[in-house]
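# Residue-level structure breakdown
Below are the chains, spelled out letter by letter.
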Amino acid sequence: MLASRTLLSKQTLAVFSRQPACFVHQGDYGNWGNTNIAVVFSGCGWWDGTDVHEGVYTMYHLSRNGARFQMFAPNQQQMHVMDHMKKQPGSGENRNMMMESARFSHGQEKMQMQDLSKLDVNSFDAVIFPGGHGVTKNLSSFAKDGKDCKLQIDVERVLKDFHRSRKPIGLASMAPVLACRVLPSIEVTMGYERDENTRWGNWPHTNMVQAVKSMGARHNVREPYISFQRSYVDEKNKVVSTPSFMWETDYHYHYIFDGIGNMVKHVMRMSTK
């Protein structure tokens, strides 16, 4: 009997020794593979797509907490291409959101960027939208139409499907605009409600806070450099938001990193209920 147990233990160890580390990874809210999250991108770059930091931080924290994730973006042209040095549109150039978003992926098997039109709520436990101006320019018409904006057709479908299915929705920086436009009476945070310049940084996009309030959402002020305020959880609607780069800071990126991590952990916590 003892010999059989010893042999079985050796065989088990041999199997696990041949597996990648992720096979046995366990995060705070589950084992690897038990939670499957969809992440929606809008291009690549703060001024015309998904912010690079917010996108990467989201994927890092999903991996660290033991989730599988798949990346999606609309297979459509983005509004324009921004020169990120001059912070102004380039001359006549245009790019496809899905092709630009693919810069976030390594392009192998399930890690390839997928067409958002193929995202099926039944295949995922939650969805996360990192922020960036692509939210207001590509995933919606907010940059042109403000509070009366329209959402890209699949963005609206995905948000309504996940909400209707009682599955968590994670939102970073500008992304709450999307959910507030089509989901009634939700609660979010985008940080401050006034642009207050301090030694910590400033808040240049507070007009968006007023817009989501006019859409019928309740806004909650949060301080990204205070640990327990780095995200806001609407438990009733299963919506989690974090200010991220609504806060313009030159040096304190670790607070952005921590805030997105907090958002991811709450999304995963609620996806296991």
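To be clear, the structure that these remarks concern was listed above.
None of these values were measured; they are calculated from a predicted model.

## Let's talk about unusual backbone geometry
At Arg 166, a position not held by glycine, the phi torsion is positive, near 60°. Looking at the element boundaries, Arg 166 is found in the loop between helix 6 (153–164) and strand 9 (169–172). The phi dihedral of Ser 185 is positive, around 55°, even though this residue is not glycine. Along the chain, Ser 185 turns up in the loop between helix 7 (176–182) and strand 10 (187–191). You can call Ser 185 exposed: its relative accessible area is 58%.

## Some words on the sheet that holds strand 4 (residues 67–73)
Pairing is mixed in the open sheet, where 7 strands are placed in the order 7-4-3-8-9-13-12. Two strands close off the open sheet at either side, each with one partner strand: strand 7 (114–115) and strand 12 (232–234). Strand contacts of helix 2 (residues 52–64): strand 3 (35–40), strand 4, strand 8 (126–129) and strand 9, with the helix running at about 155° to strand 4, the strand carrying the most contacts. Of the strands in this sheet, strand 8 and strand 9 are in contact with helix 6, which crosses strand 8 at around 140°.

Definitions and limits used
Residues numbered from 1 in each chain as written. Predicted model: local features only at pLDDT ≥ 70, side-chain atom pairs only at ≥ 80, totals over all residues. Heavy atoms only, no water. Helix = DSSP H or I, 4+ residues; strand = E, 2+ residues; numbered from the N terminus. Buried < 20%, exposed > 50% of the residue type's maximum accessible area, 1.4 Å probe, protein only. Pairing = 2+ DSSP bridges. Contact = heavy atoms within 4.5 Å. Axes fitted to C-alpha atoms, helices over the stretch in contact; angles between N-to-C directions.

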